[in-house]
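Coordinate inspection notes
Residues per chain are reported as follows:
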Amino acid sequence: MTIGRLAKAAHVGVETIRYYQGRGLLPVPRTTGAVRHYPPALVDRIGFIKRAQGLGFSLQEISTLLDLADGRNRRAVQAVTTARLEQIRAKLADLTRMRETLDDLLERCLTTGHTHPCPIVEALMGRQH
């Protein structure tokens, strides 16, 4: 199939396919005449990449997962997944801390009168009381 047909079948743009090729996630087929022909199996590979991206894996991590896609080296797949989970947990902790801080600042801003400085602005200026 042509790159345009592959893109359409995989629900991505042609530039996405070229980008993935440049990153080594997809092979670049040999040219037959003026056109490159892509195997239909690449639709599944692109789907794998998109689903992995949806789970927050980086393209480098996806490259590693693709190298391990036969599933025989489960420890390596588990290691990549464990590292990604640790990153997600750290982000969640950061988001929780930010939410709690903003909740507190907003509550203080709502309960202080207009004669007092806004706690939100004061905190952002580094002048918390």
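My aim in this report is to walk through the structure given alongside it, one point at a time. Keep in mind it's a predicted model, so treat the numbers as computed, not measured.

**Looking at a nonpolar patch on the surface**
Taken together, L92, L95 and M98 make up a surface patch of nonpolar side chains, about 290 Å² in accessible area. Tracing the sequence through the fold places L95 in helix α5 (residues 74–111). Residue classification places L95 among the exposed positions, given a relative accessible area of 51%.

**What to know about helix α3 (residues 41–54)**
Compared with the 20 Å implied by 1.5 Å per residue over 14 residues, the 20 Å span of α3 between its first and last C-alpha is a close match. Of all the residues in α3, the buried ones are L42, I46, G47, I49 and A52. Residues of α3 that are buried sit in contact with α1 (3–10), α2 (14–22) and α4 (59–67). At the C-terminal side of α3, G56 shows a positive phi close to 90°.

**A closer look at the packing of α1 against α3**
As a packed pair, α1 and α3 sit with axes 9 Å apart at the nearest point and diverge in direction by 50°. For the element pair α1 / α3, the angle class is oblique. For α1 against α3, the interelement crossing comes out right-handed. Along its contact with α1, which presents L6, A9 and A10, the element α3 presents L42, V43 and I46. When its residues are assigned to classes, the contact of α1 with α3 shows 6 nonpolar, no polar and no charged.

What counts, and where the lines are drawn
- Residues numbered from 1 in each chain as written.
- Predicted model: local features only at pLDDT ≥ 70, side-chain atom pairs only at ≥ 80, totals over all residues.
- Heavy atoms only, no water.
- Patch = residues over 30% accessible without salt bridge, like charges linked within 9 Å, V, L, I, M, F, W, Y side chains within 5 Å.
- Areas by Shrake-Rupley, 256 points an atom, 1.4 Å probe, with all protein chains shown as cover.
- Salt bridge = Lys/Arg side-chain N within 4 Å of Asp/Glu carboxyl O.
- Helix = DSSP H or I, 4+ residues; strand = E, 2+ residues; numbered from the N terminus.
- Buried < 20%, exposed > 50% of the residue type's maximum accessible area, 1.4 Å probe, protein only.
- Expected span 1.5 Å × (residues − 1).
- Contact = heavy atoms within 4.5 Å.
- Axes fitted to C-alpha atoms, helices over the stretch in contact; angles between N-to-C directions.
- Parallel < 35°, antiparallel > 145°, perpendicular 65-115°, else oblique.
- Left-handed = near helix turned anticlockwise from the far one by under 90°.
- Nonpolar A, V, L, I, M, F, W, Y, C, P; charged D, E, K, R; others polar.

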